[in-house]
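# Commentary on secondary and tertiary structure
For reference, the chains in residue letters:
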Amino acid sequence: TLVEYRRDQMLRTKDLFLKQVWAVYDMLQMGWCAGEIVWVYNESDDCPDFILYPHEQCFPDMTAELPYQMRYFIFESYLGMDELKERGYDNLSKIQAVAVPNNQVRNARYQNYRDPLQNPGANEYARPGRYNEGSNDSLPQKYIVRKVLYKEKGKVMVCITDSGENILVQPKELPVKKLPVIFGQCLTVPHRLFGEGFPEPLEGPQESYNYNLNIRKDNVALC
């Protein structure tokens, strides 16, 4: 039994520790992070899981001041048709493949690197900021899928839609009392849902340090 436990630990694929490291870096840099708690049930798994989403794929209820006051939370994913079929979604014949929208946060993350989800031209590599309408045969077609968690009459509901008005999974009630969303902050700001990361409060001292350093360099150069 002990050998089987160690084997399972060695071969595990959930990468919870890695996701926690990602979450810490997201909070330090951007001020906040958001993830979803789900239950995975299929032929090989029957266990809880934690999904950490990039900032540009999270759409919280910005009218709330505290996380528990949020009335809804939307997670956006970019999936292929094979993934949609594996999940058993409805109305797949009505959805259309789209190019992944251009986003400044995503562009900064892939600065100087190839972004695998952008839609390049026929004779060039993908790069941040590239956005063409339509699909490209050199890359797998992607579909925008939005998971909507919301509160209705004291119940927590969930439904899944595409980027338009097609409902892929009809609304259903979740057996929970609050939105299954983990919300982390770095530095809090009063009466604001999002806090701050370290770059914001350190911006002023950094500018002052750069100013004094440049003055000293100029004086040395003049001498």
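Details of the structure are given in the entry above.
Residues numbered from 1 in each chain as written. Predicted model: local features only at pLDDT ≥ 70, side-chain atom pairs only at ≥ 80, totals over all residues. Heavy atoms only, no water.

### A few points about the nonpolar core
Worth spelling out the cut-off: Here, the term nonpolar core denotes a set of buried Ala, Val, Leu, Ile, Met, Phe, Trp, Tyr and Cys residues that are joined through side-chain atoms within 4.5 Å. Note on exposure labels: buried denotes an accessible area under 20% of the residue type's maximum, exposed denotes more than 50%, and partly exposed covers the range between, all computed with a 1.4 Å probe on protein chains only. Where helices and strands are cited, they refer to DSSP runs of H or I of at least four residues and of E of at least two residues respectively, numbered from the N terminus.
In terms of nonpolar packing, the biggest core is built from 16 residues, with Cys58, Met70, Phe73, Phe75, Leu149, Leu179 and Phe183 touching the most fellow members. For this core, the elements supplying multiple residues, two or more each, are strand 1 (32-41), strand 4 (72-79), strand 6 (155-162) and strand 8 (181-185). Formed by ten residues, the second largest nonpolar core is a distinct cluster that contains Leu79, Ile95, Leu168 and Val169.

### Notes on a nonpolar patch on the surface
Definition in use: Like charges within 9 Å and nonpolar side chains (Val, Leu, Ile, Met, Phe, Trp, Tyr) within 5 Å are joined into patches, using only residues over 30% in relative accessible area that form no salt bridge. What sets the accessible areas is the Shrake-Rupley method with a 1.4 Å probe; for residues, cover comes only from the shown protein chains. Here a salt bridge means any side-chain nitrogen of Lys or Arg lying within 4 Å of a carboxyl oxygen belonging to Asp or Glu.
A cluster of nonpolar residues, Val24, Leu28, Phe198 and Leu202, forms a patch on the protein surface that exposes about 330 Å² of accessible area. Counting through the fold element by element, leucine 202 comes out in helix 5 (residues 199-222).

### Observations concerning the packing of aromatic side chains
Our working rule: What counts as a ring pair is set by centres within 6.5 Å for rings of Phe, Tyr and Trp (its six-membered ring), and what kind of pair is set by the plane angle: stacked under 30 degrees, edge-to-face over 60, tilted for all other angles.
The final tally for this structure, using the stated rule, is five aromatic pairs. Here the aromatic rings of tryptophan 32 and phenylalanine 194 are separated by 4.3 Å at their centres, their planes lie at 10 degrees, and the arrangement is stacked. A residue pair is termed long-range when its members are at least 10 positions apart, and tryptophan 32 in strand 1 and phenylalanine 194 in the loop between strand 8 and helix 5 qualify at 162 residues. According to the relative accessible area criterion, tryptophan 32 is buried, its value standing at 7%. A centroid spacing of 6.0 Å and a plane angle of 20 degrees characterise the contact between phenylalanine 183 and phenylalanine 194, whose relative ring orientation is stacked. Within this pair, whereas phenylalanine 183 is found in strand 8, its partner phenylalanine 194 is found in the loop between strand 8 and helix 5, the two being separated by eleven residues in sequence. For phenylalanine 183, a relative accessible area of 17% gives the class buried. Each residue in the set Trp32, Phe183 and Phe194 is aromatic and connected to the rest through ring pairs, giving one cluster.

### What to know about the sheet that holds strand 7 (residues 167-173)
Quick note on the threshold: Note on pairing: two strands pair once DSSP finds at least 2 bridges between them. Only the stretch in contact is used when fitting a helix axis, every axis being a line fitted to C-alpha atoms; angles between N-to-C directions are given from 0 to 180 degrees.
The strand order 3-4-5-6-7 describes an open sheet built from five strands, whose pairing is antiparallel. Of all strands in the sheet, those bounded by a partner on one side alone are strand 3 (58-60) and strand 7. Ignoring strand direction, the axes of neighbouring strands in this sheet form an average angle of 15 degrees. The pairing of strand 6 with strand 7 spans four bridges and is classified as antiparallel. In the strand pairing of strand 7, threonine 161 is matched with isoleucine 167.

### So, the environment of serine 77
Quick reminder of the rule: What makes two residues a contact is simply this: any of their non-hydrogen atoms within 4.5 Å.
Summarising the element assignment, serine 77 is placed in strand 4. Judged by its relative accessible area of 17%, serine 77 falls in the buried class. What serine 77 contacts, discounting residues up to four positions off in sequence, is Tyr53, Gln57, Tyr143, Ile144 and Val145.

### With respect to the sheet that holds strand 2 (residues 46-53)
Reading across from one edge, 2-1-8 is the order of the three strands in this open sheet, with antiparallel pairing throughout. Strand pairing shows two members of the sheet lacking a second neighbour, strand 2 and strand 8, which therefore form its edges. Recorded for the sheet is a direction-independent mean angle of 25 degrees between the axes of neighbouring strands. Where strand 1 lies against strand 2, eight bridges are found, and the strand directions are antiparallel.

Remember that the coordinates give geometry; whether it matters functionally is a separate question.
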